[in-house]
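Breakdown of the fold
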Amino acid sequence: DANQNLNAVLYEVRNTFKQRHHYLVPINNSDTATHTQPYKHQADKHFYVSPFMPMECTYQFTFKLPQEKLALTINQTHQGKPIMTAVWKGQRETLSQSVITKQLFKHPLNTVKVIFAIHWEALKLWGKGVKLVKRPAAPSHLISHGQPTHSSKR
């Protein structure tokens, strides 16, 4: 907001079927994070991402307010047991044409690499006999609500 307070977090999840879904977590104004204490949120899974992951799952999102670096961790659980962890890290850079050009030359085939890696891992899971989960219809709503997993006393 105008006072630099965080009012909500919107997590975007995408799949390889060119679909996306959002998980919205409102932030209580008294629930201010410090730069050393992470925000922790959770949301029930409402969106099909992988043919190897069941739909009856919960996501736990963890991140600290970004400074020079940003890190986001997503833990996925099924029946209370962890089944996947994903981590995304980023470094702050001033956006400019030279930065964009540098990244293009530094990572020219990054999208191809990611798509290949996703399909390679899927092939390995299929080869191990992991059962496929049938893709349900996409949710009728683009946004689901999540909630903080603990109080502002981090």
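Residues numbered from 1 in each chain as written. Predicted model: local features only at pLDDT ≥ 70, side-chain atom pairs only at ≥ 80, totals over all residues. Heavy atoms only, no water.

This next bit is on the packing of aromatic side chains. The tally for this structure, following the rule as stated, stands at eight aromatic pairs. Pairing Tyr 23 with Phe 61 gives two aromatic rings, centres 6.2 Å apart and planes at 45°, and the pair type is tilted. A residue pair is termed long-range when its members are at least 10 positions apart, and Tyr 23 in strand 2 (residues 20-26) and Phe 61 in strand 4 (residues 57-63) qualify at 38 residues. Take Tyr 23 and Phe 61: they sit in the same class, and that class is buried. Above the face of the Phe 17 ring, Arg 135 is positioned so that its terminal group lies 4.0 Å from the ring centre. (Phe/Tyr/Trp six-rings, centres within 6.5 Å; stacked < 30°, edge-to-face > 60°. Helix = DSSP H or I, 4+ residues; strand = E, 2+ residues; numbered from the N terminus. Buried < 20%, exposed > 50% of the residue type's maximum accessible area, 1.4 Å probe, protein only. Lys NZ or Arg CZ within 6 Å of the ring centre and 35° of its normal.)

Here we come to the sheet that holds strand 7 (residues 143-145). Here three strands make up an open sheet; going across it, the order is 1-2-7 and the pairing mixed. Here the strands that pair on one side only, and so sit at the sheet edges, are strand 1 (8-14) and strand 7. Adjacent strand axes in the sheet meet at a mean angle of 25° when their direction is disregarded. (Pairing = 2+ DSSP bridges. Axes fitted to C-alpha atoms, helices over the stretch in contact; angles between N-to-C directions.)

So, about unusual backbone geometry. If a residue is not glycine, its phi is most likely negative; likewise, a peptide bond is most likely trans. Within the chain, Lys 18 stands out as a residue other than glycine whose phi angle is a positive 60°. As for its position among the elements, Lys 18 is in the loop between strand 1 and strand 2. Exposure remark for Lys 18: the relative accessible area of 83% places this residue in the exposed category. Of note in this structure, Gln 79 is not a glycine but carries a positive phi near 55°.

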